[in-house]
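Structural features, examined
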Amino acid sequence: MDVILKGKYIVKCKIKAVTGLHIGEGNNSLEIGGIDNAVVKDAEGKPYIPGSSLKGKMRSLMEFAEGKVKDELLVVTKGERDGTSGIHIHICGDEDCVVCGLFGRNHGKHKLKNGEERDFTDAVLPTRLIVRDAKLIKKSITDKMKENLDLEWTEVKFENNIDRITSKANPRQSERVPAGAEFEAEFVVNRLKVDGEDDGDLYIKKLIQAMRLLEDDYLGGQGTRGNGKVQFVDIKIFYKDRDAYFTQKQPQVIAEAAALKNLQF
Amino acid sequence: MSKTYEVEVLTPLVIGSQDKLQSFEFIKEGDFLRVINFDKLFEMSISKEGLIDTITHALETNPRGFRLDDVVKKYAIDVDKCTRYKIKLDGVRSLPNEVVSFVKSAGRAYIPGASLKGAVRSFLTKALKSTLLKQYENALSSAYEKKIKAIDQRRNGVSPQEVDDAAEVNIFFQSYFSPFKFLQISDTEFVLYENMSGYEIKVLNICDNKVKWYNRRGNFDDPQCGLSIVAEGINPLTKLKGIIKVGDGFVLGNEATGGLKDKFVNIASYKNCIEFLAEVINSATEKYISSEIEFYSKYKLTQIVAEYRKLIGILKGLAPNQFLIQLGFSTGYYSKTVGMFFEKESFAKLKVVDNNSKIYPELFPKTRRVVFKSGNISTIPGWVKVTIGEEMLKDF
Ligand SMILES: [Zn+2]
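The shown structure was predicted, so the numbers you read here are calculated from the model rather than taken from an experiment. (Residues numbered from 1 in each chain as written. Chains lettered and ligands numbered in written order. Predicted model: local features only at pLDDT ≥ 70, side-chain atom pairs only at ≥ 80, totals over all residues. Heavy atoms only, no water.)

When helices and strands are tallied, chain B shows 11 helices and 18 strands. Its C-alpha atoms give chain B a radius of gyration of 23 Å, within 12% of the compact-globule value 21 Å for 396 residues. With respect to the three principal axes, the spread of C-alpha positions in chain B is 70 × 60 × 45 Å. When each of the 396 residues of chain B is scored for burial, the buried share is 53%. Put simply, of all contacts in chain B between residues at least 6 apart along the chain, 80% involve residues at least 24 apart. For chain B, the accessible area works out to roughly 18,300 Å², and carbon and sulfur atoms hold 49% of it. (Helix = DSSP H or I, 4+ residues; strand = E, 2+ residues; numbered from the N terminus. Rg over C-alpha atoms; globule rule 2.2 N^0.38 Å. Buried < 20%, exposed > 50% of the residue type's maximum accessible area, 1.4 Å probe, protein only. Contact = heavy atoms within 4.5 Å. Areas by Shrake-Rupley, 256 points an atom, 1.4 Å probe, with all protein chains shown as cover.)

Across its full length, chain A holds 4 helices and 14 strands. If one aligns the C-alpha atoms of chain A with their principal axes, the spans along those axes are about 65 × 50 × 30 Å. The proportion of buried residues among the 265 residues of chain A is 47%. Partitioning the contacts of chain A with sequence separation of at least 6, the portion at a separation of at least 24 is 68%.

Before going further, it helps to spend a moment on the coordination of the zinc ion. The zinc ion binds to the protein through His 90 of chain A (NE2), Cys 92 of chain A (SG), Cys 97 of chain A (SG) and Cys 100 of chain A (SG), with metal-donor distances spanning 2.1 to 2.3 Å. Its 4 donor atoms give the zinc ion angles of 101 to 117° at the centre, a pattern that matches the tetrahedral case. (Donors = N, O, S within 2.8 Å, 3.2 Å for Na, K, Ca; no water. Tetrahedral: all angles 85-135°; square planar, octahedral: opposite > 155°, others 65-115°.)

Residues and elements named next belong to chain A. Side chains of Asp 2, Asp 94, Glu 95, Asp 96, Asp 195 and Glu 197 sit close together on the surface and give a patch of like negative charge. Its location among the elements puts Asp 195 in the loop between strand S11 (182–194) and strand S12 (197–198). Overall, Asp 195 belongs to the partly exposed group, its relative accessible area being 45%. (Patch = residues over 30% accessible without salt bridge, like charges linked within 9 Å, V, L, I, M, F, W, Y side chains within 5 Å. Salt bridge = Lys/Arg side-chain N within 4 Å of Asp/Glu carboxyl O. Lys, Arg positive; Asp, Glu negative; His and termini not counted. Charge placed at Lys NZ, Arg CZ, Asp CG, Glu CD.)

Attention now goes to the confidence of the model for chain A. Residues and elements named next belong to chain A. Per-residue confidence for chain A gives a mean pLDDT of 86, with 91% of residues at or over 70. Across residues 27–33, confidence stays below pLDDT 50; counting only partners more than four residues off in sequence or on other chains, it has 1 contact. Low confidence marks residues 80–84, where pLDDT is under 50. Its contacts with residues over four positions away, or in another chain, come to 3 contacts. (pLDDT = per-residue confidence, 0-100.)

Now for the interface of chain A and chain B. With 38 residues of chain A at the interface, the matching set in chain B holds 53 residues. Together chain A and chain B conceal approximately 3,500 Å² of surface at their shared face, both sides included; 50% is due to carbon and sulfur atoms. Broken down residue by residue, the surface that chain A buries against chain B is led by Arg 164, Ile 165 and Thr 224 of chain A, which jointly contribute 24%. Between the two partners, chain A and chain B, sit 4 salt bridges. Taken together, the links from chain A to chain B amount to 27 residue pairs in polar contact (both at pLDDT 80 or more). For the side of chain A that touches chain B, the secondary structure elements donating two or more residues are helix H3 (143–147), strand S9 (155–162) and strand S10 (169–176) of chain A. Residues that form the side of chain A that touches chain B fall into these classes: 10 nonpolar, 13 polar and 15 charged. (Buried area = accessible area lost by both parts, 1.4 Å probe. Polar contact = N/O pair within 3.5 Å; in protein donor to acceptor, adjacent residues only side chain to side chain. Nonpolar A, V, L, I, M, F, W, Y, C, P; charged D, E, K, R; others polar.)

As a further point, take the nonpolar core. Core analysis: the largest hydrophobic core is formed by 100 residues, its most contacted members being Leu 124, Tyr 296, Tyr 308, Ile 325 and Trp 383 of chain B. With 13 residues, the single largest contributor to this core is helix H8 (residues 273–298) of chain B. In this structure, Tyr 296 of chain B is in contact with Leu 204, Leu 301, Ile 304, Val 305, Tyr 308, Arg 368, Val 370 and Ile 380 of chain B, ignoring residues within four places of it in sequence. Ranked by size, the runner-up nonpolar core spans 52 residues in total, among them Cys 100, Ala 134, Met 145 and Ala 257 of chain A. (Core = buried A, V, L, I, M, F, W, Y, C linked by side-chain atoms within 4.5 Å.)

Another aspect to go through is the packing of helix H5 (residues 130–152) of chain B against helix H6 (residues 165–172) of chain B. Residues and elements named next belong to chain B. Relative to each other, H5 and H6 sit at 155°, their axes nearing to 8 Å. In terms of their interaxial angle, H5 and H6 are classed as roughly antiparallel. The way H5 lies across H6 gives a crossing that is right-handed. Residues Leu 132, Gln 135, Tyr 136 and Ala 139 of H5 touch H6, and the partners they reach there are Ala 167, Glu 168, Asn 170, Ile 171 and Phe 172. Class assignment of the residues belonging to the contact of H5 with H6 gives a composition of 6 nonpolar, 2 polar and 1 charged. (Axes fitted to C-alpha atoms, helices over the stretch in contact; angles between N-to-C directions. Parallel < 35°, antiparallel > 145°, perpendicular 65-115°, else oblique. Left-handed = near helix turned anticlockwise from the far one by under 90°.)

This brings us to unusual backbone geometry. All names here are of chain B. Residue Phe 364 is joined to Pro 365 through a cis peptide bond whose omega torsion reads -5°. Along the chain, Pro 365 turns up in the loop between helix H11 (346–353) and strand S16 (367–373). Phi at Ala 106 takes a positive value of approximately 45°, unusual for a residue other than glycine. With respect to the element layout, Ala 106 can be found in the loop between strand S7 (104–105) and strand S8 (108–109). Here Ala 106 falls in the buried class, since its relative accessible area comes to 4%.

On to the pattern of salt bridges. Going through the model one piece at a time under the given rule, you end up with 38 salt bridges over all chains. In this structure, the salt-bridge partner of Glu 44 of chain A is Lys 46 of chain A, at a minimum N-O distance of 3.0 Å. Residue classification places Glu 44 of chain A among the exposed positions, given a relative accessible area of 53%. Lys 46 of chain A sits in the buried class, given a relative accessible area of 5%. Measuring nitrogen to oxygen at the nearest pair gives 2.8 Å for the salt bridge that ties Asp 221 of chain B to Lys 212 of chain B. Lys 212 of chain B sits in the buried class, given a relative accessible area of 18%. Each member of the salt-bridge network shares a partner with another, and the members are Lys 157, Glu 159, Arg 172 and Arg 225 of chain A.

What follows concerns the confidence of the model for chain B. Confidence in the prediction of chain B, expressed as mean pLDDT, is 90, and 97% of residues score 70 or more. The ipTM value of the predicted complex is 0.89, and its pTM value is 0.89.

On to the packing of aromatic side chains, then. Residue and element names in this part refer to chain B. On inspection of all chains with the given rule, the structure shows 21 aromatic pairs over all chains. Measuring from centroid to centroid gives 5.9 Å for Phe 123 and Tyr 288, while their planes differ by 80°, and the two rings are edge-to-face. Separated by 165 residues along the polypeptide, Phe 123 in helix H4 (residues 113–126) and Tyr 288 in helix H8 bring together distant segments of the chain. The same class applies to Phe 123 and to Tyr 288, which are both buried. Counting every residue linked through ring pairs, the aromatic cluster contains Phe 123, Tyr 288, Phe 295, Tyr 296, Tyr 299, Tyr 308 and Trp 383. The aromatic ring of Tyr 288 is capped on one face by Lys 126, whose charged end is 5.6 Å from the ring centroid. One residue, Lys 366, lies across the ring of Tyr 360, its end atom 4.6 Å from the ring centre. (Phe/Tyr/Trp six-rings, centres within 6.5 Å; stacked < 30°, edge-to-face > 60°. Lys NZ or Arg CZ within 6 Å of the ring centre and 35° of its normal.)

So, about the environment of Ala 65 of chain A. Residue and element names in this part refer to chain A. Mapped onto the elements, Ala 65 comes out in helix H1 (residues 51–65). On the basis of relative accessibility, which here comes to 42%, the residue Ala 65 falls in the partly exposed class. For the pair Ala 65 and Gln 209, spaced 144 residues apart in the sequence, the C-alpha separation amounts to 9.5 Å. Once you skip the residues sitting within four places of it in the chain, Ala 65 turns out to touch Gln 209 and Leu 213.

Turning to helix H9 (residues 302–316) of chain B, a few remarks are in order. Residue and element names in this part refer to chain B. Look at H9: 21 Å from first C-alpha to last across 15 residues, which is about the 21 Å you get at 1.5 Å a residue. Those residues of H9 lying buried are Ile 304, Val 305, Glu 307, Tyr 308, Leu 311, Ile 312 and Leu 315. End-on, the buried residues of H9 take up no more than an arc of 160°, which puts them together on one face. Of the exposed residues in H9, the ones pointing more than 90 degrees away from its buried face are Thr 302, Arg 309, Lys 310 and Lys 316. (Expected span 1.5 Å × (residues − 1). Arc of directions from axis to C-beta.)

Shown next as structure tokens:
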């Protein structure tokens, strides 16, 4: 396979939490006196959105949208404790698959949901999409909001699970970033020429589609119970030609919009 | 597909947060309640000699008699600079030392998606086929037997928070496979404080077949002697928007879950998941309101009966994408459980299983929470009308 980098599309934008946002630490280790369901934080103790969380969520939304959620196409990545179910992601060997093309394939052998074993190494290309960690924009959490937060940047939300027979509540708590918080996000889409065939703007358009799907869904935990509605705002899309890396040429802005719904691209 | 939903508050809606406002955080100013940021007040008063000592002394010796407004006056504090917000007190006759605080995010009140989803789940459960409802009563019976054994062996045995677990899993499956995974309800937009008020709630308690009003010292004929709970609530007529997504899997199921379609009776031919959801909830609401009307009629509480009749009128006139539901604080045992379908004998079992609550098997529940306005019975809290709108076109 002959692969050439033609250029890079760079999307810079803000991710705005329209409702509270909970992206969990993933490990459930209980800190003594801590919150039992904390959000991920950077070295400075500020919450952020890991690029991997964004990418993973967008991938799964694209899998549904592109009709790739089929038994023979799903790879089991992680078995649940009881072994009856696992987390499935779509990986295939189809060169024209936009999901695998944008989000990438892993090397090595995979076990498919239907039991078969497959190796997609031959189809592995340099990953087209890179999603950076999205850092909190400090001033998006105003002083007025901060006065009312439980922790420096976050709040603790309580939820009750009520027994339908006794009416007794079983409270759970989790930490979340308050609505209104904004994060600085960056996506990079590599434009490739594979065996003489140029991607053109196919994959940057697919990324925008994935962003639209995410606005219609949720990011992070407790999404079906209110959290995680996000919007992309202050969007700028740049294109940086391959040559720009060898010269002083500045990347061009090829599209911009105050909100995703206004983006003409 | 995401759609907007709109909650229209019909009767004062209270969704309590974990914290209560304490007397040192608010000042009553005529018909208004001013809520103070106590930390800020402290900061502002570092220069005012003696103020912090006065406050801490008062709170240590006589917290109930503490009046923040006296302190504020004495030390000439500019309260506007340390005010969180002000809300109206709507016909509140007596203001207790604590006010139930509405749930907030960074100081802004909203309806959590979790509260609305919880209410939806509660009402859907009430609409289940009788064979499925029976599973809850069976779960109670087995909890009862377990508890009796445990008492014999001097163990605790049963947690009142887990009595429904077996029935819940049987009917709605383990959470990973649950149809409720296909129902997403976002938090609403924030509520303006001008659309919120302090509401006075009293506890009605039926004793010897008579209406009494509860307080810690006993039960009284005169409601003015009854305990007053004051809570922050959203005013009737307020409308708030959020986003809802009901996947087809919710009703029809998929390879992982069976969906909800066959779990209810008398549901007119299935058109779409939104209309299905609304129809099922409304069928439960009608049963629930009818049984409440029966209760309040028996004790001649005409104002509440009239309020519920009004709700029935609204229920009858709903469009296929609308439903009526009760949520939040002070809505009572029947609203949150399937207890209205239990045989009378089951409450004797409930009394054993949940021995920390006051349960009178002859009449359970025998209490109700009622909103008072200017000393008169006004309404019941927590009723809202939800309209599921067109496909989402704009922000909240
Ligand atoms: Zn693929």
